[in-house]
Amino acid sequence: VIVGAYFDTADNPHGFQYAAGKVKDIPGPAGATSSEATGINDAGQIAGEFADSAGNNHGFVLKGTTYTTLDVPSAIATFAWGINNAGLVTVQWYGRAGLPAILSL
C-alpha cells in the first residue's frame, strides 16, 4: 500500500492511496481544494496536508472515513508528513516569521 499525490491539468495536487491494484482518492476534509497523502501506517491511518478555499495549509490524519485536522497554534501553515504505527504524526509548520519547524506529535 502506498500513498501520494497526483496533479490535475490545473497543476493542483490530489491525494491518493494505491492498494491491491486499485487507486482511491484522498481528497482531504470537507472544504479542501487540494490535498496530498504523505504517510500511512500498518493500521491504514493516513497523514497528509490540504489547502482550504483561502489557500491556507493544514495537516490531517485520516482514520477510516474520519479526518482530523492538525493545526499548530499560531502557525501560518501546518503539514503532516508521516505517521508511525503508534499513531504519532510528524508535522512541519511555518510560524509568523516564515521559518519552518518540525515536530512529532
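Residues numbered from 1 in each chain as written. Predicted model: local features only at pLDDT ≥ 70, side-chain atom pairs only at ≥ 80, totals over all residues. Heavy atoms only, no water.

A. Just the side chain of S35, in detail. As for its position among the elements, S35 is in strand β4 (residues 34–40). A relative accessible area of 1% means that S35 is categorised as buried. A polar contact of 2.7 Å, which involves the side chain of S35, links it to the backbone oxygen of I26. Other than its neighbours up to four places away in sequence, S35 contacts A5, P13, H14, G15, I26, P27, G28, E49 and F50. (Helix = DSSP H or I, 4+ residues; strand = E, 2+ residues; numbered from the N terminus. Buried < 20%, exposed > 50% of the residue type's maximum accessible area, 1.4 Å probe, protein only. Polar contact = N/O pair within 3.5 Å; in protein donor to acceptor, adjacent residues only side chain to side chain. Contact = heavy atoms within 4.5 Å.)

B. Up close: the sheet that holds strand β5 (residues 46–51). Strand order in the open sheet made by the 4 strands is β4-β5-β6-β7, with antiparallel pairing throughout. At either end of the open sheet lies a strand with only one pairing partner, and these are β4 and β7 (66–70). Strand-to-strand twist of the sheet, defined as the mean angle between neighbouring strand axes without regard to direction, takes the value 30°. Sheet topology places β4 next to β5; 6 bridges connect them, and they run antiparallel. Within β5, the residue paired with S35 across the bridge is F50. (Pairing = 2+ DSSP bridges. Axes fitted to C-alpha atoms, helices over the stretch in contact; angles between N-to-C directions.)

C. A look at the pairing of β5. Most of β5 sits out of view: 6 of its 6 residues are buried. Burial along β5 is two-sided: I46, G48 and F50 and A47, E49 and A51, pointing in opposite directions, are all buried. With antiparallel pairing between neighbouring strands as the criterion, β4 and β5 make up a hairpin whose turn holds 5 residues, including G44 at a positive phi of roughly 85°. Of the pairings in the sheet, the one linking β5 to strand β6 (residues 57–63) comprises 6 bridges and is antiparallel in character. The residue of β6 that forms the bridge with A51 is N57. Counted along the chain from β5 to the antiparallel partner β6, the turn is 5 residues long, and its residue G55 has a positive phi close to 85°.

D. Inspection of the packing of aromatic side chains at higher detail. Counting across every chain of the model gives 5 aromatic pairs. Between the aromatic rings of F50 and F60, the centroid separation amounts to 6.5 Å while the plane-to-plane angle is 45°, which identifies the pairing as tilted. Taken together, the positions of F50 in strand β5 and F60 in strand β6 put the pair 10 residues apart, joining distant regions of the chain. F60 shares its class with F50; the two are buried. Their ring planes at 15° and their centres at 5.8 Å tell us that F79 and W81 sit as a pair that is stacked. These aromatic residues form a ring-pair network of at least three members: F50, F60 and Y67. (Phe/Tyr/Trp six-rings, centres within 6.5 Å; stacked < 30°, edge-to-face > 60°.)

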